[in-house]
Amino acid sequence: MGATIIEPHPALLGPFAILLLSIAIFPLILRQHWERHYQKFCALLAATTSGYYVFALQGLARVQHAAGEYASFIVVVGAFFVVAGAIHLHIPRPASPLSNVMFLFSGSILANFIGTIGASMLLLRPFLHMNRGRGSGMHVAFFIFIVGNLGGALLPVGPPLFLGYIKGVPFLWAALHCWPQWLTATGVLLVIFFVADTIACSGRCVAETPSTHFHCYGKWNFGALLALLLVLVFVPNGVREPLMITVVAVSYFLTPRRVFEANEFNWRPLIEVAWIFLGIFGTMIPVLDYVEFHATDFHLASDARFYWGTGLLSGVLDNAPTYLTSLAAALSIDHLDINHLPDVAQFAFGHGNRLAAISLGATLFGGLTYIGNSPNLLIRAIAESRHVPAPGFLAYIIKYALPILVPVLALVGLIFFRG
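Criteria and thresholds
Residues numbered from 1 in each chain as written. Predicted model: local features only at pLDDT ≥ 70, side-chain atom pairs only at ≥ 80, totals over all residues. Heavy atoms only, no water. 1 Å grid on protein atoms, 1.4 Å probe; cavity = no way out; pocket = protein on both sides within 12 Å on 5 of 7 lines; lining within 4 Å. Points joined across faces, edges and corners; volume = space filled by probe spheres on them. Nonpolar A, V, L, I, M, F, W, Y, C, P; charged D, E, K, R; others polar. Helix = DSSP H or I, 4+ residues; strand = E, 2+ residues; numbered from the N terminus. Core = buried A, V, L, I, M, F, W, Y, C linked by side-chain atoms within 4.5 Å. Buried < 20%, exposed > 50% of the residue type's maximum accessible area, 1.4 Å probe, protein only. Contact = heavy atoms within 4.5 Å. Axes fitted to C-alpha atoms, helices over the stretch in contact; angles between N-to-C directions. Parallel < 35°, antiparallel > 145°, perpendicular 65-115°, else oblique. Left-handed = near helix turned anticlockwise from the far one by under 90°.

Colleague: How should I be thinking about empty space enclosed by the protein in this particular structure?
Modeller: Over the atoms rolls a probe the size of a water molecule, and in doing so it shows where empty space is left. Counted under the stated rule, the structure contains five cavities of 30 Å³ or more. Of the volumes computed, that of the largest cavity is approximately 80 Å³. Lining the largest cavity are R62, H65, A66, E69, K167, F281, M284, I285, L288, L324 and N339. In terms of residue class, the lining of the largest cavity is built from six nonpolar, two polar and three charged. By volume, the second largest cavity amounts to about 70 Å³. Lining the second largest cavity, in full, are P156, L161, G164, Y165, V169, P170, F171, W173, A174, Y323 and S359. Looking at the lining of the second largest cavity, the element that brings in the most residues is helix 7 (residues 161-167), giving three residues. Residue composition of the lining of the second largest cavity, by class: nine nonpolar, two polar and no charged.

Colleague: Where do I start with the nonpolar core in this structure?
Modeller: Looking at soluble globular proteins, one finds that nonpolar side chains tend to be buried together. Grouped together as the largest cluster of nonpolar side chains are 136 residues, with contacts concentrated most on F145 and Y323. At twelve residues, the largest contribution of residues to this core is made by helix 3 (residues 60-85). In contact with F145, other than residues within four places in its own chain, are L150, L189, G367, Y396, Y400, A401, I404 and L405. One finds L12, Y53, A66 and I285 within the second-largest nonpolar core, a separate group that totals five residues.

Colleague: Would you take a moment to explain the packing of helix 15 (residues 319-333) against helix 17 (residues 352-364) for this structure?
Modeller: Between two packed helices, what matters for the description is the angle formed by their axes and the separation of those axes. Packing of helix 15 against helix 17 leaves a shortest axis separation of 9 Å and a crossing angle of 165°. Regarding the angle of helix 15 to helix 17, the classification is roughly antiparallel. In terms of crossing hand, the pair formed by helix 15 and helix 17 is right-handed. Contacts between helix 15 and helix 17 involve N319, Y323, S326, L327 and A330 from the first element and R354, L355, I358, S359, A362 and T363 from the second. Class assignment for the residues of the contact of helix 15 with helix 17 results in six nonpolar, four polar and one charged.

In structure tokens:
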């Protein structure tokens, strides 16, 4: 059972808005200061909002409920992140456009099982290595589109869909209801990439190197990933988290250090996600409550509006809080409570197309900008460390997101979310 919601004063929405704007702006204009102080900033905003709820509104139960969801979220995301980092793939031969397409499609499928952050950690370096000598901003952009974002559309093993799962959306719901839209978007993007990569390949001569065998180091950790997935699906909350931590500990300490070193594994991405989502979970409490009380004021009367509204906000802010906010609004229209598990399950089965619009808007549009989803900046940083010319913030939007990703997502909306 979720805690009773409280109607907050609109001023309590301020910390959430400040946090999202800060996440969007400060890493671009004050990067060094942001990296040095973002932990304190996120903690301060979360403590301010949560403290007001506890002491002024007598809402301790709401804060405890959000804290439990945050802890579960971080354990799941962290578990897949660590175990994926314990697997190193070595694919030495140069890639053809067709093998690139197969790799990206396989990566998108794998990301649905281990999360977009884990899949990006595992697959980006082999992908760039396959394309050594001709890797470009196009390769980085399509990897973000297909693996870093579309790869999170079917199973709730990471943000944003895991937030819906802990609220009561059944584990396999998105896989059963969103696969046609996911397949359409992924297929069209892969066709575009194949054409563009073929043109780029024909215009650049790359010396072939002798093909050697494929190697996978730490391969037994695929069993650990399967164990994590089974725990996530079948073990109830409260028992799930200790079991997942146990699997991660076994994987981490039994995997040779050279595997992590080959992946250039470090804890920084997970630490950043943990601090930022601490701020998000803490400041989002009044936002979700406010949306519960005022959902009808947003005029989101159709599936198409939910798809585009959720999507565009996900692209310019962050898709995880946008997903929850849109879900809360959709539930409230039918006088349902996002903090009540049976209400969320009832909505999932009674308003399937609307939930699909929200879920796909959040996951597919996350690749609209670098700040739309947590793996995006990670992918860019890894590419730059490998001396691959990743596009800048505006170049990414103007050259790739607007002319390529947006028309594909518009096609999905036209086919599946007309009403």
